Amino acid sequence: MKKIRYIYVILLVAILALPQFSCNYLDMPLISTSINKDSIFSKRVNAEQFLWDTYATIMPFGIPKYTNVYNVPGKGVYDLDQIERGIRAAITDECNLSTGYAPTTEMNLVGYSAINPRHVETKFNCCYIGIRKAFTFIENIDMAKDIPQEEKDQMKSECKTLIALRYFTLIRTFGGVPLVKRALEVNEDFNISRSSLQECIDYIVQLCDESMNLPDFYDTRWRGRVTKGVALAVKARTLLYAASPLFNSAEPVIGYGNSTHNSYLCLNGYDHKRWKVAYEANLAVINWARDYGHVSMVNTGNPFDDYGNATSTRDNSEVLLANKVIVGQTGFTTHYLPRLSNFNKGNSILVNSLSKFYKADGTDQTWPALNEVRDFSDYVTRMHEMEPRFRVMAWVFGEKPAMCPDRYNWDYIVTGEKSGDIQGAAVMMKYTYMYQGQTDMDFPIFRLAEFYLNYAEALNEYTPNSSLAYDALNVVRQRAGLPPILETDPRYKTQEAFRRLVHRERDVELFGEDHRIYDVRRWKIAHEPGIIGGPMVGFLLETNNEKNNYTTYKPFVFEERFWSDNMYYHPFPQAEVNKGYILQNPGY
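Residues numbered from 1 in each chain as written. Predicted model: local features only at pLDDT ≥ 70, side-chain atom pairs only at ≥ 80, totals over all residues. Heavy atoms only, no water.

K.L.:
Summarise empty space enclosed by the protein; cite the residues concerned and give the values.
P.N.:
A full pass over the atoms with the stated rule returns 8 cavities of 30 Å³ or more. Space inside the largest cavity adds up to approximately 80 Å³. Looking at the largest cavity, the residues that line it are Pro60, Thr169, Arg172, Arg237, Phe443, Pro444, Ile445, Glu513, Asp514 and His515. Of all the secondary structure elements, the ones that give two or more residues to the lining of the largest cavity are α6 (149–174) and β7 (443–447). Broken down by element, the residue count for the lining of the largest cavity peaks at 3 residues, all from β7. Of the residues belonging to the lining of the largest cavity, the class tally is 4 nonpolar, 2 polar and 4 charged. (1 Å grid on protein atoms, 1.4 Å probe; cavity = no way out; pocket = protein on both sides within 12 Å on 5 of 7 lines; lining within 4 Å. Points joined across faces, edges and corners; volume = space filled by probe spheres on them. Helix = DSSP H or I, 4+ residues; strand = E, 2+ residues; numbered from the N terminus. Nonpolar A, V, L, I, M, F, W, Y, C, P; charged D, E, K, R; others polar.)

K.L.:
Describe the packing of aromatic side chains, and please don't skip the residues or the numbers.
P.N.:
Taken as a whole, this structure holds 34 aromatic pairs when the rule is applied. A ring pair is formed by Tyr412 and Tyr550, whose centres lie 4.9 Å apart and whose planes are at 55°; its orientation type is tilted. Of this pair, Tyr412 sits in the loop between β5 (394–395) and β6 (426–428) while Tyr550 sits in strand β9 (residues 550–561), and the two are 138 residues apart along the sequence. The burial state of Tyr412 is the same as that of Tyr550; both residues are buried. With 6.2 Å between their ring centres and 70° between their planes, Tyr431 and Phe443 make a pair best called edge-to-face. You can see Tyr431 sitting in the loop between β6 and β7 and its partner Phe443 sitting in strand β7, a full 12 residues away along the chain. With a relative accessible area of 1%, Tyr431 lands in the buried category. In this arrangement the basic side chain of Arg522 is found over the ring face of Tyr241, its NZ or CZ atom lying 5.2 Å from the centre. (Phe/Tyr/Trp six-rings, centres within 6.5 Å; stacked < 30°, edge-to-face > 60°. Buried < 20%, exposed > 50% of the residue type's maximum accessible area, 1.4 Å probe, protein only. Lys NZ or Arg CZ within 6 Å of the ring centre and 35° of its normal.)

K.L.:
So what's going on with the packing of helix α16 (residues 448–462) against helix α18 (residues 495–509)? Residues and values would help.
P.N.:
The interhelical angle for the contact between α16 and α18, taken along N-to-C directions, is 165°, at an axis separation of 10 Å. On the basis of the axis angle, α16 is roughly antiparallel to α18. The interaxial crossing formed by α16 with α18 has left-handed handedness. Taken together, the residues of α18 that come into contact with α16 (itself represented by Ala449, Glu450, Leu453, Asn454, Ala456, Glu457, Asn460 and Glu461) are Gln495, Phe498, Arg499, Val502, His503, Glu505, Arg506 and Glu509. Residue composition of the contact of α16 with α18, grouped by class: 5 nonpolar, 4 polar and 7 charged. (Axes fitted to C-alpha atoms, helices over the stretch in contact; angles between N-to-C directions. Parallel < 35°, antiparallel > 145°, perpendicular 65-115°, else oblique. Left-handed = near helix turned anticlockwise from the far one by under 90°. Contact = heavy atoms within 4.5 Å.)

K.L.:
Pulling in residues and values, what's your account of the packing of helix α17 (residues 467–479) against α18?
P.N.:
As a packed pair, α17 and α18 sit with axes 11 Å apart at the nearest point and diverge in direction by 30°. Regarding the angle of α17 to α18, the classification is roughly parallel. Handedness of the crossing formed by α17 with α18: left-handed. Of α18, the residues touching α17 (which contributes Ala469, Tyr470, Leu473, Val476, Arg477 and Arg479) are Phe498, Leu501, Val502, Glu505 and Glu509. Within the contact of α17 with α18, the residues separate by chemical class into 7 nonpolar, no polar and 4 charged.

K.L.:
Quick rundown of helix α10 (residues 273–291)? Include the residues and the values.
P.N.:
In a regular helix each residue adds 1.5 Å, so 19 residues correspond to 27 Å; α10 covers 27 Å between its end C-alpha atoms and thus fits that length. Among all positions in α10, only Arg274, Trp275, Ala278, Tyr279, Ala281, Asn282, Val285, Ile286, Trp288 and Ala289 are buried. (Expected span 1.5 Å × (residues − 1).)

K.L.:
Go over the side chain of Asp514, please, and point to the residues and values.
P.N.:
Relative to the assigned elements, Asp514 resides in the loop between α18 and α19 (516–522). A polar contact is formed between the side chain of Asp514 and the side chain of Arg88, at a distance of 3.0 Å. Ignoring any residue separated from it by four or fewer positions in sequence, one finds Asp514 in contact with Phe61, Gly62, Arg88, Arg172 and Phe443. (Polar contact = N/O pair within 3.5 Å; in protein donor to acceptor, adjacent residues only side chain to side chain.)

K.L.:
Please provide a residue-by-residue account of the sheet that holds strand β4 (residues 374–375), values included.
P.N.:
Strand order in this open sheet of 3 strands is β4-β9-β8, and the pairing throughout is antiparallel. At either end of the open sheet lies a strand with only one pairing partner, and these are β4 and β8 (534–543). (Pairing = 2+ DSSP bridges.)

K.L.:
Pulling in residues and values, what's your account of the pattern of salt bridges?
P.N.:
Side-chain pairing between opposite charges can occur once the charged atoms of the two side chains come close. One pass over the full model with this rule turns up 46 salt bridges. Between Glu106 and Arg118 there is a salt bridge, with its nearest N and O atoms 2.7 Å apart. In this pair, Glu106 is assigned in helix α4 (residues 103–110) and Arg118 in the loop between α4 and α5 (124–140), connecting sequence segments 12 residues apart. The exposure class of Glu106 is buried, given its relative accessible area of 19%. Across the pair Asp519 and Arg522 runs a salt bridge, and its minimum N-O distance is 2.9 Å. Taken together, the residues span about one helical turn, with Asp519 and Arg522 both in helix α19 at a distance of 3 residues. (Salt bridge = Lys/Arg side-chain N within 4 Å of Asp/Glu carboxyl O.)

K.L.:
Any details on the state of the cysteines? Residues and values, ideally.
P.N.:
Per the counting criterion, the structure on display carries 0 disulfides. The thiol of Cys208 is unpaired, and the distance to the nearest cysteine sulfur, on Cys159, comes to 13 Å. By relative accessible area, which is 1% here, Cys208 ends up buried. You can see Cys266 has no disulfide; the closest cysteine sulfur is in Cys200, sitting 13 Å from it. (Disulfide = S-S within 2.5 Å.)

What follows is the structure, encoded as structure tokens:
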């Protein structure tokens, strides 16, 4: 087994050996005495273990890692930034989780809550645990005499980049947050108020810029560590968000009524140049990948296999950074993978998103109108016409899954009729290409494809109809087996038309990778019916008398989900707000 996998096994042992923690905001530092610091940071082996632990604590989670995030049996509390049992795609128009008793299902009906810890998509308090550990490492690693100074400086930059990544995940959700810039001591005041959104963005960029001493790549045994390209990627994604409509505006969607407080939610003015800064930052990632990073699009000319490998195969050439933590639990198999005959049948791909995917020839597929009944053979025919990316992630009803045909058989108990059933167009199976029964899968935090799409989006906003934006978009489309979009195509000659094209390509390419829920907010379209709130559509299936095939299907609304404009921003925990130092986001 490769060394990096061994690292994460050690990492798990280190985490589970830690004392239980309550995840209180800026809780007491895990290392608070000089004796503990001396024992941990005096030798490489202990310092490295602390660094791996920091990775595990601070890295974003995108697929379930734990059976129960609140209590790992026999190990105590281990509550990190993960939705219990669910994926964020299941609180958007991408997916639906069949399990009724799950936070995603509840949030779809009632929205977010400042007082119920289940009804949040991001655990504000827990995000600071990793930040604190990273600063603890930065401030103490110089004690390790058996690590060369150059390597220690690079390790510090790893932690700076991880801090920047975590702050990015906070601002995309809450807006401006408290900026903690060092490890606080036990006797210090932990009640730090919010910084403006601009101050947070500036600090993220600063941390990334200070991390340019990171190596461009590591040898195989260290895959999974932060590189210079990851620092560039954090900066690039942050600046794309800064340029986007939610933040790049004079007024927030829902505000406080004064510019000082509104500065927590937006940048208090539109600046067109932010798009230029954004496209330049994303181009820097692309250029780094090409020239130094040993990172490239997976493209052998077989779109089905290429997309499957890019999204499912560990350490493939397209991934800049993935969450590789091995936890020895069954969160992935229990709460992500489908078990059709059991209570949790998995996630489904909603009909709401089906029209975004193309047919294999690049044209649009047509589907029945709402409540229109058609023969099931029509469903089969249309599904087999779909583009390879869809076929890699979608288990078509009534068949073996194309991406891992030896692992599952269909169960005709699925009809989509009742809550708790698969209610959608197909079963969600992303990350399972050539799946062989693993209990954990890597979650790609940064894939190179994203940065071609980021670049195309930002460039079109700054300079419409640029040939370079077409080129970047077509890198992604052609890998998917779709024909290129030509500059002469009259359908896309306006800025708005090309914008819709890029958005659609992003919805497909990055489907289920924790982008959609934040993209629709930064584009300021999340309030539109059928995206986060409003009617959610699945296919209702009719079985034959023998229960071994389907006879008809029809689209139907199985759920009306909740939306309120205050959901453009996430609530802070009310317990922290009640302490008087954090101003709650409007509407909570």
